Amino acid sequence: ETGVTQSPTHLIKTRGQQVTLRCSSQSGHNTVSWYQQALGQGPQFIFQYYREEENGRGNFPPRFSGLQFPNYSSELNVNALELDDSALYLCASSLGTVNTEAFFGQGTRLTVV
Amino acid sequence: AQKVTQAQTEISVVEKEDVTLDCVYETRDTTYYLFWYKQPPSGELVFLIRRNSFDEQNEISGRYSWNFQKSTSSFNFTITASQVVDSAVYFCALSPNTGNQFYFGTGTSLTVIP
């Protein structure tokens, strides 16, 4: 086990709704990154949070937003859900912003109907 | 631009066979890291190895070995004497030293048949 936990593990939402996914980083890690993995694809970078500030963002629209808390846990919020948002959402924690090594959680599988 | 290509979408082998998973990458950065991750059906990405761009030594860890060749921009992964528990999707990833994200390939799904 990596010590990175994500909740919930599965979620079904209706198009247009909003969703919040949560991630607890590994002890001692101050950086959290979020990835979206569509079926049959590799994970795609959404954004990274370092010490509570956004530190880089991939090619995702503003309706994807995030937060990092003082204990370094993090949330991913997605507004106005679309069918294409159905995917596995992975959280990775690391010490520092450069990916010398990152540990991933088990992911949240989001289905938008 | 950063890119990772895993041309093998699916591979099936019989238990105890050796198998090599290919990874080719593109980057203009001179310093970068390469990774392999394993993703079992549970979904979690399990870290296998990290290699920085200045270290071209091949590495062996038990039944796993990695061949990094900068001249061909490849970082291939070999499993010796495969086992059913090796069945998973394997991802190769690149992370530039100046950046903060992984660039993943599309993955290779390995099935080891008993």
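Data block above holds the structure.
Per-chain numbering applies: the sequence of each chain, read as written, is numbered from 1 onward. All chains are assigned letters beginning at A, and all ligands numbers beginning at 1, according to the order in which they are written. Predicted model: local features are reported for residues with pLDDT of at least 70 only, side-chain atom pairs are reported and counted for 80 or more only, and whole-chain, interface and lining totals are derived from all residues. Computation of side-chain values covers all heavy atoms of the structure but excludes hydrogens and water.

Participant: Please clarify how the overall build of chain B should be interpreted in this entry.
Facilitator: Helix numbers and strand numbers start at the N terminus; a helix is a DSSP run of H or I with at least 4 residues, a strand a run of E with at least 2. Looking only at helices and strands, chain B features zero helices and 12 strands. Mapped from its N terminus to its C terminus, chain B presents α and β elements in the order β-β-β-β-β-β-β-β-β-β-β-β. With the radius of gyration taken over C-alpha atoms, the globule rule is written as 2.2 Å times the number of residues to the power 0.38. Here the C-alpha atoms of chain B give a radius of gyration of 14 Å, agreeing with the 13 Å that 2.2 N^0.38 yields for 114 residues. Considered along the principal axes of its C-alpha atoms, chain B spans approximately 45 × 25 × 20 Å. Burial status follows relative accessibility: with a 1.4 Å probe on protein chains alone, a residue under 20% of its type maximum counts as buried, one over 50% as exposed, and anything between as partly exposed. Taken across its 114 residues, chain B has 46% of its residues classed as buried. The contact rule is simple, with two residues in contact once any of their heavy atoms fall within 4.5 Å. Across chain B, every contact between residues at least 6 apart in sequence was considered, and the portion connecting residues at least 24 apart equals 55%. Every accessible area reported is derived by Shrake-Rupley at a probe size of 1.4 Å, with residue values counting cover from the shown protein chains alone. Working note: accessible area of chain B is about 5,500 Å², and carbon and sulfur atoms make up 48% of it. The convention is simple: Lys and Arg are positive, Asp and Glu are negative, and His and the chain ends are not counted. Positions of charges follow a simple convention, taking NZ of Lys, CZ of Arg, CG of Asp or CD of Glu. On chain B, the mean spot of the 8 positive side-chain charges and the mean spot of the 12 negative ones are 4 Å from each other.

Participant: Sorry, what's going on with the pattern of salt bridges here?
Facilitator: Any two side chains of opposite charge can pair, given that their charged atoms come close. Basic side-chain nitrogens of Lys or Arg form a salt bridge, by our definition, when they fall within 4 Å of a carboxyl oxygen of Asp or Glu. The tally for this structure, following the rule as stated, stands at seven salt bridges over all chains. Arg 57 of chain A is the partner of Glu 54 of chain A in a salt bridge, and the nearest nitrogen-oxygen pair spans 3.4 Å. Look at Arg 57 of chain A and you get partly exposed, because its relative accessible area is 30%. With its nearest N and O atoms 3.7 Å apart, the salt bridge here joins Asp 55 of chain B to Arg 51 of chain B. Given a relative accessible area of 27%, Asp 55 of chain B falls into the partly exposed group. The exposure class assigned to Arg 51 of chain B is buried, which follows from its relative accessible area of 5%. Here the salt bridges share partners, and the residues they tie into one network are Arg 63, Glu 82 and Asp 85 of chain A.

Participant: Looking at this structure, I do not really get the sheet that holds strand β1 (residues 5–7) of chain A. What am I missing?
Facilitator: Backbone-to-backbone hydrogen bonds pair the strands of a sheet. The strands run either parallel or antiparallel. Residue and element names in this part refer to chain A. In spatial order, the strands read β1-β3-β8-β7; together these four strands make up an open sheet with antiparallel pairing. If you trace the sheet from one side to the other, it starts and ends with β1 and β7 (64–68), each paired once. The average angle at which neighbouring strand axes cross in this sheet is 20 degrees, direction not considered. One ladder, built from five bridges, connects β7 with strand β8 (residues 74–78); its direction is antiparallel. Across the sheet, the residue bridging to Leu 67 is Glu 75, located in β8. By the convention used here, strands pair only if DSSP detects at least 2 bridges between them. Angles shown run from 0 to 180 degrees and are taken between the N-to-C directions of axes, each axis being a line fitted to C-alpha atoms and, for helices, limited to the stretch in contact.

Participant: Please explain the environment of Gly 42 of chain A as it appears in this structure.
Facilitator: Of note, Gly 42 of chain A is situated in the loop between β4 (31–37) and β5 (44–50). When the C-alpha atoms of Gly 42 of chain A and Val 32 of chain A are compared, they prove to be 18 Å apart, with 10 residues separating the residues in sequence. When neighbours within four sequence positions are excluded, Gly 42 of chain A is seen to be in contact with Gln 36 and Gln 37 of chain A together with Phe 91, Phe 104, Gly 105 and Thr 106 of chain B.

Participant: Is there a simple way to explain the side chain of Ser 25 of chain A in this structure?
Facilitator: Residues and elements named next belong to chain A. Within the fold, Ser 25 resides in the loop between β3 (19–24) and β4. The definition of a polar contact used here is a pair of N or O atoms within 3.5 Å, where within protein one atom must be able to donate a hydrogen and the other to accept one, and adjacent residues in sequence count solely through side-chain atom pairs. A polar contact is formed between the side chain of Ser 25 and the backbone oxygen of Tyr 72, at a distance of 3.4 Å. Non-local contacts of Ser 25, meaning those with residues more than four positions away in its chain, are made with Gly 3, Val 32, Asn 71, Tyr 72, Ser 73 and Ser 93.

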